[in-house]
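One letter stands for each residue in the lines below.
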Amino acid sequence: IGRKFHKGDILQEPGDNATNLFFLQDGVIEIFTRTENHLEFVMEKLFRGSIINYRTFFMEDDGKVFYRFGKNSICFVLSIDTLNEILPRH
């Protein structure tokens, strides 16, 4: 079942551990950073079908940028715990 997120909700901040993969079913996710003066700079927008956090998820790395929802969105979430349950069966 997809989880609903609201416009402006933050999905990840720099330094966060990526313990979930997110599959964007509907909506927009903005990848952005902040300057030293706290100005926001949107680097990319992700749309339906995007997979979020796959590099940091599999590399067990910390996030480097902010992810926020650019509009009300629906994502499917796969946690590391669920993945570890599935892997031995396949």
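Values in this document were obtained by computation on a predicted structure and should not be read as measured data.

Q: Pulling in residues and values, what's your account of the environment of N37?
A: Here N37 shows up in the loop between β4 (29–34) and β5 (40–46). Residue classification places N37 among the exposed residues on the basis of a relative accessible area of 64%. Linking N37 and R68, residues 31 residues apart in sequence, is a C-alpha distance of 19 Å.

Q: Give a detailed account of the pairing of strand β7 (residues 66–69), specifying residues and quantitative values.
A: Along β7, one buried face is formed by F66 and R68 and the opposite face, lined by Y67 and F69, is buried too. As paired strands, strand β2 (residues 10–12) and β7 are joined by two bridges and run antiparallel to one another. Residue pairing in the sheet places Q12 in a bridge with Y67 of β7. One ladder, built from four bridges, connects β4 with β7; its direction is antiparallel. Bridging from a neighbouring strand, I31 pairs with Y67 of β7.

Q: Tell me what's going on with the pairing of strand β3 (residues 20–26), and back it up with residues and numbers.
A: Where β3 lies against strand β8 (residues 73–79), six bridges are found, and the strand directions are antiparallel. Directly across from N20, in β8, lies its bridge partner S79.

Q: Run through the packing of aromatic side chains, naming residues and quoting values.
A: In this structure the tally under the stated criterion is three aromatic pairs. When the centroid spacing of 4.5 Å and the interplanar angle of 10° are considered together, the rings of F5 and F69 count as stacked. With a gap of 64 residues between them, F5 in strand β1 (residues 3–5) and F69 in strand β7 connect regions that are remote in the sequence. The burial state of F5 is the same as that of F69; both residues are buried. Their ring planes at 15° and their centres at 4.8 Å tell us that F32 and F66 sit as a pair that is stacked. Residue F32 is located in strand β4, and its partner F66 is located in strand β7; the two are separated by 34 residues in the primary sequence. The same class applies to F32 as to F66, namely buried. Put simply, the rings of F5, F22 and F69 pair up and form one aromatic cluster. It is R34 that lies over the ring of F66; its NZ or CZ is 4.5 Å from the centre.

Conventions adopted
Residues numbered from 1 in each chain as written. Predicted model: local features only at pLDDT ≥ 70, side-chain atom pairs only at ≥ 80, totals over all residues. Heavy atoms only, no water. Helix = DSSP H or I, 4+ residues; strand = E, 2+ residues; numbered from the N terminus. Buried < 20%, exposed > 50% of the residue type's maximum accessible area, 1.4 Å probe, protein only. Pairing = 2+ DSSP bridges. Phe/Tyr/Trp six-rings, centres within 6.5 Å; stacked < 30°, edge-to-face > 60°. Lys NZ or Arg CZ within 6 Å of the ring centre and 35° of its normal.

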